[in-house]
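# Descriptive analysis of the structure
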Amino acid sequence: MTTLIIKNAQLNHRESLVNISINGIHIERIEEVPANFDKVVTDPKPINGASIYDAKGNFVCSGFVESHIHLDKACILDRCTIEQGDLDEAVEETGKAKEEFTEADVFERASRVVEMAIKKGTIGLRTFVETDPKTEMRAFDAIKKVREKYAFAIDIEICAFAQSGLTDEPYTHELLKLALSQGADLIGGCPYKDDNPDKHIEMIFDLAEQFDVDVDFHLDFDLDPAGSSIPKLVEETIKRHYQGRVSIGHVTKLSAMDKDLRLQMAALLKLADITLTVLPATYIFLNGRDYNALIPRGMVNANELLEMGINTTISSNNILNAFTPFGDASLIRMANMYANISQLAKDDEIADVFDMITKNAAKLLSHQPNITVGAKATLIVLEAKDGVEAIRTNSQVLAGFKDGKQTFNNQAAEIYFD
């Protein structure tokens, strides 16, 4: 029995508009609207009990996936002092703020950002949650409750994360194990903040193997082309047969390398099937503070890596804190920022950017982003004709549906002529 019909929808690579019939949580039929639809009755055949949503010719896609965000540290800008605006200050200020985190506090702030993300069309999200002596399990417990509360609209993955060192913090190691035993989906580490980066990587992999979970590292977050952790990461990934189960964020070192060295590192990432995520808002704010002229962007061209066969994604990283004192959880805005910084212009380049916040990111989180008969009816409506126009114009997300039920509505703006 059809329960919902989304009519007059524009899908990718379709010339004609379509009506999408949904039965329960799955797509039941996709039927083309006649070419002369303006001269015929465009309403689908009435079906008792079915709800109707008119997409009005707007673009319908499977929704955005946030592959790298920190919900536990979001919205603490009022607790941080920003004077230098660099990475060290951001780490220090956030560390001070973390000592005062309570479960209720983290839950409230994370919920605020998740609601932002839902209304911006995000249907899947991977958040890092720090489990260390400063926060212990308070943030983790809060994010688990957030995951449960918003499951009707968004799927949330929790990465138990060692931000501030591991090799000399046995308590952090025990807290990571506890989080993995209590519902964390994967584990992450930050080698560049550890006195022994190589050992840090090994210890994270040890825990990943013990609990059979994927791995996501913050890696190489500086502008010195030397001393990359990529070779060690690739070595461990291959040795442990973890190809396709590892991802990395930041990796601003790549942007500072000459082309030959950058391509060598990229070839290693491809060999180990490691996904790379770029975080443009954070890079533009933090990087190059010690330059007086020709300030570097600090962001690798993910399109170049994608052409080599590396899965690449774009994400928000932080929202309203000392790492990124801006943010609205809009992946369309983040993709537009990335495209501007990377100086992209061609339609095929912009189409690849759209994939980085949809198809590529969904692959990382093991989502199945398909609008096909039999697929789950999870999709969003964008005020655009396709993904390329959506990126170019920072288009408005008009509505969203998860498993056949509408989860939000953003009414399209109207102009009133005299």
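Structure shown above.
Residues numbered from 1 in each chain as written. Predicted model: local features only at pLDDT ≥ 70, side-chain atom pairs only at ≥ 80, totals over all residues. Heavy atoms only, no water.

As a further point, take the pairing of strand β8 (residues 155–162). Most of β8 is tucked away: seven of the eight residues are buried. In the classification by handedness, the crossover that spans strand β7 (residues 122–130), the intervening helix α3 (residues 138–149) and the parallel β8 is right-handed. Pairing analysis gives four bridges linking β8 to strand β9 (residues 186–189), with the strands arranged parallel. When the bridges of β9 are listed, C159 appears paired with L186. Assessed by its sense of winding, the connection that carries the chain from β8 through helix α4 (residues 170–181) to β9 is right-handed. (Buried < 20%, exposed > 50% of the residue type's maximum accessible area, 1.4 Å probe, protein only. Helix = DSSP H or I, 4+ residues; strand = E, 2+ residues; numbered from the N terminus. Right-handed = clockwise from strand over helix to strand, strands pointing away. Pairing = 2+ DSSP bridges.)

Attention shifts here to the pattern of salt bridges. Following the criterion strictly, the structure yields 31 salt bridges and no others. In this structure, E31 engages R29 in a salt bridge whose closest nitrogen and oxygen atoms are separated by 3.4 Å. Assessed through its relative accessible area of 38%, E31 is described here as partly exposed. Taking the relative accessible area as the measure of exposure, R29 reaches 30% and is therefore partly exposed. D212 is paired through a salt bridge with R245; the nearest N and O atoms lie 3.0 Å apart. With D212 in the loop between α5 (197–211) and β10 (214–219) and R245 in the loop between α6 (230–239) and β11 (246–250), the pair connects residues that are 33 residues apart, well separated along the chain. (Salt bridge = Lys/Arg side-chain N within 4 Å of Asp/Glu carboxyl O.)

Here the focus is helix α1 (residues 87–98). One turn of the α-helix equals 3.6 residues, which is why residues spaced by three or four share an orientation. The end-to-end C-alpha distance of α1 is 16 Å, a good match for the 16 Å that twelve residues give at a rise of 1.5 Å each. The buried fraction of α1 amounts to nine of the twelve residues, a majority that puts the element mostly inside the structure. Within the sequence span of α1, burial applies to L87, E89, A90, V91, E93, T94, G95, A97 and K98. Buried-residue contacts for α1 involve β7, α3 and α9 (280–286). (Expected span 1.5 Å × (residues − 1). Contact = heavy atoms within 4.5 Å.)

So, about helix α11 (residues 331–341). Among the eleven residues of α11, eight are classified as buried, and the element is accordingly described as predominantly covered. Turning to α11, its buried residues number three or more, namely L331, I332, M334, A335, N336, Y338, A339 and I341. N-capping of α11 is provided by S330, with a side-chain oxygen placed 3.1 Å from the backbone N of R333. (Polar contact = N/O pair within 3.5 Å; in protein donor to acceptor, adjacent residues only side chain to side chain.)

One way to put it is that helix α2 (residues 103–119) packs onto α3 with a least axis distance of 8 Å and a crossing angle of 40°. On the basis of the axis angle, α2 is oblique to α3. When you trace α2 past α3, the crossing you get is right-handed. Contacts between α2 and α3 pair E103, V106, F107, A110, S111 and V114 from the former with R138, A139, D141, A142, I143, K145, V146 and K149 from the latter. (Axes fitted to C-alpha atoms, helices over the stretch in contact; angles between N-to-C directions. Parallel < 35°, antiparallel > 145°, perpendicular 65-115°, else oblique. Left-handed = near helix turned anticlockwise from the far one by under 90°.)

With that settled, consider the side chain of D220. Here D220 lies in the loop between β10 and α6. Buried within the structure, D220 lacks any salt-bridge partner; its nearest side chain of opposite charge belongs to K253, at an N-O separation of 5.5 Å. In this structure, D220 is in contact with Y192, G227, S228, S229, I230, V251, T252 and K253, ignoring residues within four places of it in sequence. (Lys, Arg positive; Asp, Glu negative; His and termini not counted.)

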